[in-house]
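This is what each chain is made of:
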Amino acid sequence: MDSIIFSNIKQTLIDYYKKQDEFKDMNFAGSAINTLIDGMAYLGYYLTTYANFAINESFLDTAQKRSSVVSLSHNIGYMPAQGTSAKASVMVTYVGSSSMKDFIFPVGTTFQATKDGTTYYFRTYKTTPVNVTDAGKYWAQLDLREGTLIQQTFTQDPDSTTDFILDDNLIDLSTLTVRVFESDTDTIGIRFDELTDINQFSKKKHTDKLPCLYSVKENTDGRIELEFGDGVLSESVKPGNIVKVEYLSVSGKAANNITEFTLTNIPDNPRSVSFWMVTPVEYSNSGTDRESIQSIRQNAPKFFQRQGRDVVADDYYSDIMANYSEIVDSLSVWGGEDNDPPDYGSVYICIKPIGALSLTSLQKQSIRNHILNSSVVGITPKLVDPTVVYVNMILNVEYKRINLQITKDELTENIKNTVLKYFNNNVSSFNVDFKYSKFLSSIFNVNDTILDVTLDNTLYMYFMPLTTNATTYELNFKNAIEPKSVTIGPYYVYGSSSKMYYMTDANGDGILYEYRDTDIAEVGTVDYETGLVTINNYRFPTSAGEQIQISMKPASNNMKVTLDYIFSINSINVNLIADDAEETK
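Residues numbered from 1 in each chain as written. Predicted model: local features only at pLDDT ≥ 70, side-chain atom pairs only at ≥ 80, totals over all residues. Heavy atoms only, no water.

### Re the sheet that holds strand β19 (residues 380-384)
- If you trace the three strands from one edge of the open sheet to the other, you get β17-β18-β19, paired in mixed fashion. Lying at the two open borders of the sheet, with one neighbouring strand each, are β17 (328-335) and β19. Direction aside, the axes of adjacent strands within the sheet are offset by 20 degrees on average.
- Both β17 and strand β18 (residues 346-353) contribute to a ladder of seven bridges, which runs antiparallel. Within β18, the residue paired with Ser 332 across the bridge is Cys 350. (Pairing = 2+ DSSP bridges. Helix = DSSP H or I, 4+ residues; strand = E, 2+ residues; numbered from the N terminus. Axes fitted to C-alpha atoms, helices over the stretch in contact; angles between N-to-C directions.)

### Considerations on the side chain of Glu 291
- Counting through the fold element by element, Glu 291 comes out in the loop between β16 (276-285) and α4 (293-306).
- Buried within the structure, Glu 291 lacks any salt-bridge partner; its nearest side chain of opposite charge belongs to Arg 66, at an N-O separation of 6.6 Å.
- Engagement of the side chain of Glu 291 in a polar contact is seen with the side chain of Ser 295, the distance being 2.7 Å.
- Contacts of Glu 291, omitting those with residues within four sequence positions, involve Arg 66, Tyr 78, Pro 80, Ala 81, Ile 296 and Asn 299. (Buried < 20%, exposed > 50% of the residue type's maximum accessible area, 1.4 Å probe, protein only. Lys, Arg positive; Asp, Glu negative; His and termini not counted. Salt bridge = Lys/Arg side-chain N within 4 Å of Asp/Glu carboxyl O. Polar contact = N/O pair within 3.5 Å; in protein donor to acceptor, adjacent residues only side chain to side chain. Contact = heavy atoms within 4.5 Å.)

### Notes on the pairing of strand β25 (residues 500-504)
- Of the pairings in the sheet, the one linking strand β24 (residues 487-492) to β25 comprises four bridges and is antiparallel in character. If you follow Tyr 492 over to β25, its bridge partner there is Met 500.
- Alignment of β25 against strand β26 (residues 511-516), held across three bridges, turns out to be antiparallel. Looking at the pairing, Thr 504 lines up with Tyr 513 of β26.
- Connecting β25 to the next strand, β26, in antiparallel fashion are six residues, including Gly 508 with a positive phi near 70 degrees.

### Notes on α4
- For α4, built from 14 residues, the straight-helix expectation of 20 Å at 1.5 Å per residue is met to within 8% by its first-to-last C-alpha distance of 21 Å.
- Looking at the buried positions of α4, the neighbouring elements they touch are α3 (66-74), α5 (313-324) and α6 (361-374).
- Just downstream of α4, Gln 307 is the residue with a positive phi angle, here 50 degrees. (Expected span 1.5 Å × (residues − 1).)

### Regarding a nonpolar patch on the surface
- A contiguous nonpolar surface patch, about 400 Å² in accessible area, is contributed by Ile 4, Tyr 42, Tyr 45 and Tyr 46.
- Mapped onto the elements, Tyr 42 comes out in helix α2 (residues 31-56). (Patch = residues over 30% accessible without salt bridge, like charges linked within 9 Å, V, L, I, M, F, W, Y side chains within 5 Å. Areas by Shrake-Rupley, 256 points an atom, 1.4 Å probe, with all protein chains shown as cover.)

### Description of helix α7 (residues 408-427)
- The end-to-end C-alpha separation of α7 is 27 Å, in line with the 28 Å expected for 20 residues at 1.5 Å each.
- Burial in α7 covers these residues: Leu 411, Thr 412, Ile 415, Val 419, Tyr 422, Phe 423 and Val 427. Angularly, the buried residues of α7 cover 110 degrees about the axis, an arc narrow enough to put them on a single face. Exposed and oriented more than 90 degrees from the buried face of α7 are Asp 409, Lys 421, Asn 424 and Asn 425.
- At its buried positions, α7 is contacted by β20 (387-400), β21 (433-434), α8 (436-444), β22 (450-463) and β31 (565-579). (Arc of directions from axis to C-beta.)

Here you go:
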């Protein structure tokens, strides 16, 4: 049987029976026998289809249902990442006349924000005292988390068969707290900790009890389920015990990039919230949805391979994704032997966080501490910031005006949105290529009236010059450069608000020249093939801390980034060119 198509199964049955002596003269087109064969063919079709689906769902690479993928990942000890709450920071300044000395913002101080017609609530998760300025102004900087605080209570039944399943689908597990009470008269209870390390089995909070631990898993319905010990290695939940759970139900990515917040409630405080002026310090970021099926397929085997230690680059990759996926938008890890220049005995880690181009200092410190605990002796992990290559894009789009059913402004906006979507989905990651042909295809799909598209790209980066003494700079775009397109600056001369210098390869001969008023000096070289721009033994006459821009036009519209390099779209300009040939015929 060549396939599981119904008609093929039926024909296979007919061919088989025709070879049997008992059915040699049978008319298989007759209604009675044809109906029986249809029934057998349908049964065979259902069974083969079911077997095919069942086998596919038995393997991580081919399973399609989330419940199957999650269950298979559990078998190798991998817990798919769940949602995380968006975080933000605001400064509140008191504009009332009362004294706020010694006032402390309590946990649960609530802020409201609106995005795309949806209301989100952000809350403080730690107490914060008010500061006072020399001028007597009261202020505080508050760190916020988005989400709704949920409390659930379970009572273990006499047979110890209670399922501890949390109600919400998107939960920030870092906010989950679990306390177990002996009975309804117990007002203190015992806090249980999440099992994350085998060494926790040897640590006891109470001398008369086993370690108080629980584990979490995503069940077949997509809900979070808590599992407790059996009373042998860790404490169990006994019949009649009451389990109280508290956590944040979050909105994930939807609550990112919020810029305005309104204070709505200060718990147990009679003062009006209207006396506090709110200024955003850090826009909401780092909110994530639960891990996708494709991500689980990719990360679960790597998690199993590393076995709790980091040796090769893939180990570091899976370690970070398993523990910091809530903040990672894109990740690149490479061995020191692949670095430029080579740095043997090191591993380089570069992270583009969600909603930003680089990690905060606190995020870096947390990742460093974690990696050092799992890295083997002899390997030095190094965390580096992304090298951002900004893209200014000009599209010249020829279209047939007579067939256009929308306005030119609408066509322009549709093209810009398509460019942004293409970059976000295909290019804004490490180690990716910008394929011109694929990009053009997405533009042509915007509207049937588009006849031709030409692209003019400019790439640029920033660097921080040394102003105290002369040094050599190697600025590498890692893409071939079009001659006569390199420009560095212009940059202001220190002590002057009008005098500016700049560098360029104006002659296209691979020599970099600096233009100072009427003077021209040779200061470096340009390797058009590799994209390396070198400034030799030079001291920039600029103010300290002033970044300088270097730009160029790529020799090809097919561009690439590797290692710590990443593309970021900066500007999109669309020039519409009408083809009026049809109107003049």
